Amino acid sequence: MTQLVISDVSKRYGATLALDRVSLSVEAGSRVAIVGPSGSGKTTLLRIIAGFEAPDAGTVTLDGQVLANGPAIAAAHRRRIGYVTQDGALFPHLDVADNLGFGIPRDEPDRAARLCALMELVELDAAMLSRRPHELSGGQQQRVALARALARKPALMLLDEPFSALDTGLRESVRQAVARVLAKAGITTILVTHDQSEALSFADQLAVMREGRLAQAGRPYELYWRPADTETALFLGNAALFDAKIEAVGVSCALGRLAAETGGRRGGGTIMLRPEQFHLSATGPGLEAWVDDVTFRGAQCGVALRAGHEETEIRFTAQISSLEAPQIGDRVFVSIKGAAFLFPAPR
Amino acid sequence: MTVPLSLDMPVLPALPLRRRRNLAGRAMLLLAGSVALCALLPLGFILWIAVETGWQTALALIWRPRVGELLVNTLLLELCTLPPAILLAIALAWLTERSDMAAARFLSWLAVAPLAVPAFVQSYAWGSLFPRFHGLPAAALVSVLAYLPFLYLPVAAQMRRLDPELEHTAASLGQSPTRIFLRVVLPQLRLAICGGSLLVGLHLLAEYGLYAMIRFDTFTTAIIDQFQSSYNGPAANMLAGVLVLSCVGLIGLEWLLRGSARYARIGSGSPRPASRRQLGLWRWPALALPIVLALLGLGVPALMLSRWLMADGVSIWRQGALAASLATTLGYAAAGAFAAVAAALPMAWLSVRAPNRATRFLESCHTYPGALPGVVVALALVTVTVRIAMPLYQTVATVVLAYVLMFLPRALVGLRAGIAQVPVELERAAASLGRNPARTLLAVTLPLAAPGVAAAMALVAMGVATELTATLLLAPNGTRTLATEFWALTSELDYAKAAPYAVLMILLSLPMTALLHAQAGKSLNA
C-alpha cells in the first residue's frame, strides 16, 4: 500500500525553478531521507507536503486524500502531518507540558497520563514537564518538539534538518533516539538533510535532489554502491572515477582488469571505486603504487596513492584502517575488494 | 456491483482545497498604504505652500533680516549644544560602561533619568532659579542637560556591544590604551554618535517650550508667535518651510558623516563582555562628572519644584483644574496610544513578515514625520482642516491624528520588536498541530507579541502626555492638558501653581525612562 504520492510537482520563485516535475512515492511505515546540496529544492518540497507552500503544478495525495492539486491546496492544520524544524520551534511562552499538549484537545480524558507517556516515548524525564523551553538543552528541545508532533498521531512526520543545530557528539545520539521512537510508533517519516551520512544511516529509502529535480531514489545501500550518475556518486561519499574499456568479462582501466557488471554493453564508460574497496599490502599481488600522503582520521586513514609513469600516471585515495597505515614514500601493492561499478551509459 | 478493494482502510473524506490568495498580506499592504498616504499629509503641505506662495512672495517672505537672525540663532544653538553633548556622552558612557567607577549601574540610570523631565520643565526650573539667565548660553546649557540622554543611550549601548577582541588585537599590535581608544573604539562609535546627534539636533529645531521660556528665538518659537498673532498666514507657513529645510539639511549632514560603513562584529557566537579599566586613584574623582551632571539636570528641577511646592503647601494640590487636566491628558494619551499602535500595526507586520523594496518605501513614509517638528505637523493639519474639512478643525480627532503622525515611528519600533518575537516557524508549528489560523493568532501570535505592543503603546502614551506644541495649536478651545495648563500658568508667571503639573508630567514620564533604558540594555543581549 502506497501512502504519500507526489506527482509532477513544480514550484517557481520568480526566475528560479525550485522544483521541476518532482515525483515520489513513499510507502506506509517507511523512513525516507531527502538529501541534496542547499538550494536543491528539498526544503521547498517538504513545505509543500506540509501545506505551508502551494505548488504551481502537480498533485500531492496522502492515503488517497488530495492535499494539493496545483495551486489549490488543503489547509495545513487539516492535514494529519507532523512537522519538526531545525530548532524545534517550541512555543517560548508555554512550558513543556503546554507545548506537548498544544495539539491535544483540552477535554481529552487522561490528558496528563498521555503527556507522561509522550515524555517517556522520547526518553525524557516527566519532571521536565514544568520547565520552559529555554531551560532545555538543544537535544531536549528537539525531543520535546518530536513528542509534540507525535501527540497528534500524525499519518506522516516531516523532519526538516532537525539535527543540524545540535553539537556533533549529540547529533548521533539524538538521531538514533528519534529513529527508535519513530520506529516504535510506526509512523511514516520524511527527513530532509544536506548531510549524506545522516541520510544514509537514518533512512530505509533515500531520495537525492539536485537543482530542483529528483536525481535518484532507492535504498541507501543501492544508491551508495550503484548511483545513477557521477554527481550522485560523489555526493553520497568519496569515490575514485576512472575511464574504462568494456571487455567481454569485466572492464579494463588504468588499474588493470577489474570485475564489473557490464550488462552486455560494449565500448567505453566510467567506473567508480569507493575508497574502502582498495586493499594495500607490502608484498603484492596487485598494482604497484607509491604513497604520496597519509591523512589520519582516527579509526580510518586516507592514503593518497600514485601509480604508473608519465602520461599513464594516476592518482587516487584509499581508505584503510589506521592500524595498517603505511609511511609516506612507501611502495605498496593495491588490490580491489569487490567489483567496480560501471555507470549506466548517459542518455 | 462494486467490491471494496480494502476493508481495513476506511476511505478518508475529501479535504476542501483552496487557492492561497495571501489575503492577509494584501489587506495589510492596503492598510499600510492608506496610513502612509495620511502620513504624507505634512509633506504634501510643504510642497503645497511652496507651489501656492510662488517664488516672488516666498523670496520676499524668506529674504528678511528676521529670518537670517533666526537662522544664525539656530546654527549657533546647534553648534553650542552638539559638540559638548557628544563629548559628555562619550565620557559618561566610557565611565559607566568601561571603567570600574563606583556605582556605575546606578549612575548609568541617573544619566538617563533627565529624560523624565520634559524639556520645558527643565527650562522652567532654570528660569525660576536664575530669572536673568537667558539667551544663547542658557539655551545651550538647558538643551545639553535635557537632551544628553539621547546621545548617552546609543553611545553607551554601542560601547557595551563592542567586541573586546578587536581591542585585544590592537594591543597585541603595539597600540597604547589611549591610541586604542582613538583608533579602534571611537571609530566604532561613529554610527551611535551620528544617530544620537541627529536626534538631539532635530529636537533643538522642534522644541518650543524650552526656548520660549528662556526667551531664545528659534524658528519654532517664531512660527508659533507668528501663528498666534496673525493666525494661519503665509509668513508662518514660509518659516515652517525653512524649518523643514533645516531638518532636511541636518538629516543630509548626518547621512554624509555616517558614511556607508557598517560596523558588524566579525565571527560568530556572542561576544564576551569587555573588561573594565582600572581607574586606580581616579576611581573617586571620576565620580564628579556624572554627579555634577545629575545635580544640574535632576537636582535643579527637583530643588525648584520642591521650593515652589513648599511655598504654597498642600493647598496647591487642590486646584480643581489639576485633576481635570490630568484626566484630559490621560484620555488623550490613551487615545493617541491606541490610534498610533493601530495605525502602525499593518506596517510593522509587513516589515517583519514581507520585507522588500516596496514595503521599505512604505516604511519610510511612516517614519519620516518623526523627524518633522511638531509645529509643522500641526500647521499642516490646521491648513488641511481649515481648507478642506472645516468641521474637523480644532477637534479631538485632529489632535489625535497629529499624535499618530508624530509618534508613528515610536509605535513602529515597539511593534516590530513584538512581532519579531513570533517567527513564522511558530505559526507553522501551530498549524501542523491542527490549529486553524484564527486560533493560532490567539494562542501563539498575540501572547508572544503582547509585550512589544504594550511597550509601543506606553512609549506613545508618554510622548503624548508631555506634548505641548501640537496640542497648543490644534486642541479644541478650552482643552486643558497638563502640558498646556502648565504652559498657561508659567506664561502668567504663576510658577508655584504650575509646579504640581510639572511633577505629574515627570511622574508620567518616569516609566518611559525605565523602558528606554531597558530597551537599550536588551539590544545588547540580542
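Residues numbered from 1 in each chain as written. Chains lettered and ligands numbered in written order. Predicted model: local features only at pLDDT ≥ 70, side-chain atom pairs only at ≥ 80, totals over all residues. Heavy atoms only, no water.

S.K.: Lay out the overall build of chain A with the relevant residues and their values.
M.R.: Broken down by element type, chain A carries eight helices and 21 strands. By the burial criterion, 51% of the 347 residues in chain A qualify as buried. Taking as baseline every contact in chain A between residues at least 6 positions apart, the subset at least 24 positions apart corresponds to 64%. Of the roughly 15,800 Å² that chain A leaves accessible, carbon and sulfur atoms contribute 49%. (Helix = DSSP H or I, 4+ residues; strand = E, 2+ residues; numbered from the N terminus. Buried < 20%, exposed > 50% of the residue type's maximum accessible area, 1.4 Å probe, protein only. Contact = heavy atoms within 4.5 Å. Areas by Shrake-Rupley, 256 points an atom, 1.4 Å probe, with all protein chains shown as cover.)

S.K.: If you had to explain the interface of chain A and chain B to someone new, which residues and values would you point to?
M.R.: Listed as interface residues are 32 residues of chain A and, on the opposing side, 25 residues of chain B. Of the roughly 2,700 Å² buried between chain A and chain B on both sides combined, carbon and sulfur atoms contribute 67%. Its largest share of buried area at the contact with chain B, chain A owes to Phe52, His77 and Phe102 of chain A, together 24% of the area lost on that side. Counting across the interface, chain A meets chain B through zero salt bridges. There are five residue pairs in polar contact (both at pLDDT 80 or more) connecting chain A and chain B. Taken together, the elements giving at least two residues each to the side of chain A that touches chain B come down to strand S5 (65–69), strand S6 (72–73), strand S7 (81–84) and helix H4 (138–150) of chain A. The dominant element in the side of chain A that touches chain B, judged by the number of residues it contributes, is S5 of chain A, at four residues. Of the residues that constitute the side of chain A that touches chain B, the class distribution is 19 nonpolar, six polar and seven charged. Relative to strand S1 (residues 18–19) of chain B, S6 of chain A is paired through two bridges, and the arrangement is antiparallel. The residue bridging Ile73 of chain A from the neighbouring strand is Arg18 of chain B, located in S1 of chain B. (Buried area = accessible area lost by both parts, 1.4 Å probe. Salt bridge = Lys/Arg side-chain N within 4 Å of Asp/Glu carboxyl O. Polar contact = N/O pair within 3.5 Å; in protein donor to acceptor, adjacent residues only side chain to side chain. Nonpolar A, V, L, I, M, F, W, Y, C, P; charged D, E, K, R; others polar. Pairing = 2+ DSSP bridges.)

S.K.: Could you give an account of the layout of surface pockets, naming the residues involved and the relevant values?
M.R.: Residues and elements named next belong to chain B. In this structure, the second largest pocket spans a volume of roughly 1,900 Å³. Forming the boundary of the second largest pocket are 49 residues, of which Asn22, Ala24, Trp349, Glu427 and Pro437 lie nearest the centre. When residues of the lining of the second largest pocket are assigned to their parent elements, the largest contribution, seven residues, is made by helix H19 (residues 437–465). In terms of residue class, the lining of the second largest pocket is built from 28 nonpolar, nine polar and 12 charged. (1 Å grid on protein atoms, 1.4 Å probe; cavity = no way out; pocket = protein on both sides within 12 Å on 5 of 7 lines; lining within 4 Å. Points joined across faces, edges and corners; volume = space filled by probe spheres on them.)

S.K.: Report on unusual backbone geometry, specifying residues and quantitative values.
M.R.: All names here are of chain A. Notably, Glu123 is not glycine yet its phi reads approximately 60°, a positive angle. Within the fold, Glu123 resides in the loop between helix H3 (111–121) and H4. Notably, Lys153 is not glycine yet its phi reads approximately 50°, a positive angle. In this fold, Lys153 is placed in the loop between H4 and strand S8 (156–160). Overall, the relative accessible area of 63% leaves Lys153 in the exposed class.

S.K.: Account for the pairing of S8 of chain A, with residues named and values stated.
M.R.: Residues and elements named next belong to chain A. Among the five residues that make up S8, five are buried, leaving the element largely enclosed by the rest of the structure. Side chains Leu156, Leu158 and Asp160 of S8 all project onto a buried face; the interleaved residues Met157 and Leu159 project onto the opposite face, where all are buried too. Here four bridges tie S7 to S8, and the two strands are oriented parallel to one another. Residue pairing for S8: Tyr83 is matched across the bridge by Leu158. Two strands pair when backbone bridges link them, and S8 and strand S9 (residues 188–193) are joined in this way by five bridges, in the parallel orientation. Across the sheet, residue Asp160 finds its bridge partner in S9, namely Val192. Tracing the backbone out of S8, into helix H5 (residues 168–185) and back to the parallel element S9 gives a crossover that is right-handed. (Right-handed = clockwise from strand over helix to strand, strands pointing away.)

S.K.: A description of the environment of Leu426 of chain B should follow, citing residues and the corresponding values.
M.R.: Relative to the helices and strands, Leu426 of chain B resides in helix H18 (residues 424–432). As a C-alpha pair, Leu426 of chain B and Leu115 of chain B span 311 residues in sequence and 37 Å in three-dimensional space. Beyond its immediate stretch of four places on either side in the chain, Leu426 of chain B contacts Ala89, Leu90, Phe91 and Pro92 of chain A together with Gln421, Val444 and Leu448 of chain B.

S.K.: Residue-level account of the nonpolar core, with values.
M.R.: Residue and element names in this part refer to chain B. Counting residues in each nonpolar core, the largest one holds 96 residues, and the members touching the most others are Phe120, Val121, Tyr124, Ile223 and Phe486. Considering each element in turn, this core owes the most residues, 13 residues, to helix H17 (residues 396–420). Beyond its immediate sequence surroundings of up to four residues, Val121 is in contact with Phe486, Ala502, Met505 and Ile506. (Core = buried A, V, L, I, M, F, W, Y, C linked by side-chain atoms within 4.5 Å.)

S.K.: Which residues make up the sheet that holds strand S14 (residues 256–258) of chain A, and what are the values?
M.R.: All names here are of chain A. Read from one edge to the other, the open sheet built from five strands follows the order S14-S13-S12-S15-S21, with strand pairing classed as antiparallel. Two strands in the sheet have a free side with no partner beyond their single neighbour: S14 and strand S21 (341–342). Here six bridges tie strand S12 (residues 240–246) to strand S15 (residues 268–273), and the two strands are oriented antiparallel to one another. The residue bridging Ala240 from the neighbouring strand is Leu273, located in S15.

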